[in-house]
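# Geometric and topological summary
Chain by chain, the residues run as shown.
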Amino acid sequence: MKFYLDTADIKVIKELNQLALVDGVTTNPSLIAKEGVDLKERILEICKEIDGPISCEVLATDHKKMVEEGLEYHSWHKNIFVKLPCTDEGLKALKILKSKDVKVNMTLVFSPMQALACAKLGADFVSPFLGRLDDTQSSGLEILEQIIQIYENYDFKTQVLAASIRSVDHVVNSALLGSDIATISPKVFKKMLKHPLTDIGLAKFLEDYKNSQK
Ligand code: E4P
C-alpha cells in the first residue's frame, strides 16, 4: 500500500520525507487555507520535494470551470493529479479531463455507487472518506471494502485511495482490505511507526550493555 501525506504543510512534508516512505501528497482547499499560502506556489514546492502524485483540488463547482482549472493545474507539473468532487458536475469534468489525458483523483466519495461511476468514467484515483463516514454512524471501512470488491469484480484500473483517515487502525485495516493507497495526516503518520515496546526494548538493550562494561 502506498503512503501519501494528507497535508499542505511543506515543513512537515520535508521532515517526514526523510524516512523515504512518502509516495505522494493530497491537499484540499481547507488544508491550503490552513497554511495561508498561494495555491500554485505551495503545490510546486510540494512537487519539488516529493516525486510522486500530488493532488490539487479544483475550486469551481460547474464542470466547464472545473475543466479550465484542471487544465491549468495540469500545466504546472507532470505529477499533478486534479482532484474533483464526486458531484454530477465533477463527473462531467472527469470525462472531459480524461479525454485530455489529465490524471484525476475523485474526492468526497462516500458510497460504492459513486466509486463505480468514477471508475466507469476512467478516474485514476477514487477517494472514499473513512473518518467522515464513521462520523455519520456508517462504517468507512465497510464502504472501502465494498468499493475494493466491486473494482476487483470488473478489473477496473482505478486505484482506491483511503482518505479521511483518523487512526492507525484505519491505516492497518485499509492495508488488510487491499487499498492501493492511504492518505495519512502527519499526526497519524508519526504515530503509526511507533511502538512502546520498541523504545522499552532498546533502552533495556543499551542499559544491559552499559552495565556489563562497568
Ligand atoms: C483527502 O484527500 C482529503 O484531503 C482528506 O483525507 C480529508 O480528511 P478529513 O476528513 O480529515 O478532512
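Heads up: these notes are all about the structure in this document. Starting from 1, residues in each chain are numbered consecutively following that chain's sequence as written. Thresholds applied to this predicted model are a pLDDT of at least 70 for local features of residues and 80 or more for the giving and counting of side-chain atom pairs; totals over whole chains, interfaces and linings are not thresholded and use all residues. Excluded from the side-chain calculation are hydrogens and water; included are all heavy atoms of the structure.

## Remarks on the site of the ligand
Applicable threshold: Working definition: residue near molecule or strand if any one of its non-hydrogen atoms lies within 4 Å of it. In protein, a polar contact means a hydrogen-donor-capable atom and an acceptor-capable atom, both N or O and within 3.5 Å, with residues adjacent in sequence counting only if both atoms are side-chain atoms; elsewhere, any N or O pair within 3.5 Å suffices. Residues are grouped as follows: Ala, Val, Leu, Ile, Met, Phe, Trp, Tyr, Cys and Pro are nonpolar; Asp, Glu, Lys and Arg are charged; every other residue, Gly included, is polar.
The environment of the ligand is made up of Asp6, Thr26, Asn28, Lys83, Phe129, Arg132, Ala163, Ser164, Arg166 and Thr183. Within the side chain of lysine 83, one N or O atom sits 2.7 Å away from an oxygen atom of the ligand. Serine 164 places a polar side-chain atom, nitrogen or oxygen, 2.7 Å from an oxygen atom of the ligand. Residues belonging to the shell around the ligand are distributed by class as follows: 2 nonpolar, 4 polar and 4 charged.

## Remarks on the pairing of strand 7 (residues 159-162)
Using the following cut-off: By the convention used here, strands pair only if DSSP detects at least 2 bridges between them. Put simply, DSSP H or I for four residues or longer makes a helix, DSSP E for two residues or longer makes a strand, and each gets a number counted from the N terminus. Handedness rule for crossovers: strands pointing away from the viewer, path from the first strand over the helix to the second running clockwise, crossover right-handed.
By the bridge criterion, 2 bridges tie strand 6 (residues 125-128) to strand 7 in an arrangement that is parallel. Across the sheet, the residue bridging to valine 126 is valine 160, located in strand 7. Note that strand 7 and strand 8 (residues 181-184) share 2 bridges and pair parallel. Bridge pairing in strand 8 places leucine 161 opposite isoleucine 181. Taking the sense of rotation as the criterion, the β-α-β connection linking strand 7, helix 9 (residues 168-177) and strand 8 turns out right-handed.

## Some details on the nonpolar core
Quick note on the threshold: Working definition of a nonpolar core: buried Ala, Val, Leu, Ile, Met, Phe, Trp, Tyr and Cys residues. They are joined through side-chain atoms within 4.5 Å. Any residue under 20% of the maximum accessible area for its type is buried, any over 50% is exposed, and the rest in between are partly exposed; the area is computed with a 1.4 Å probe on protein chains only. Here, two residues are considered to be in contact whenever any of their heavy atoms come within 4.5 Å of each other.
If you look at the biggest cluster of nonpolar residues, it comprises 58 residues, and the most contacted ones within it are Leu84, Met106 and Val126. Among the elements that take part in this core, helix 8 (residues 140-154) stands out by supplying 6 residues, more than any other. Excluding anything up to four places from it in sequence, valine 126 contacts Asn105, Met106, Val109, Ala115, Cys118, Ile147, Tyr151, Thr158, Gln159, Val160 and Leu161. Among the nonpolar cores identified, the runner-up in size contains 7 residues, and Tyr4, Phe81, Ala163 and Ile181 belong to it.

Bear in mind that shape data such as this cannot, by itself, settle questions of function.
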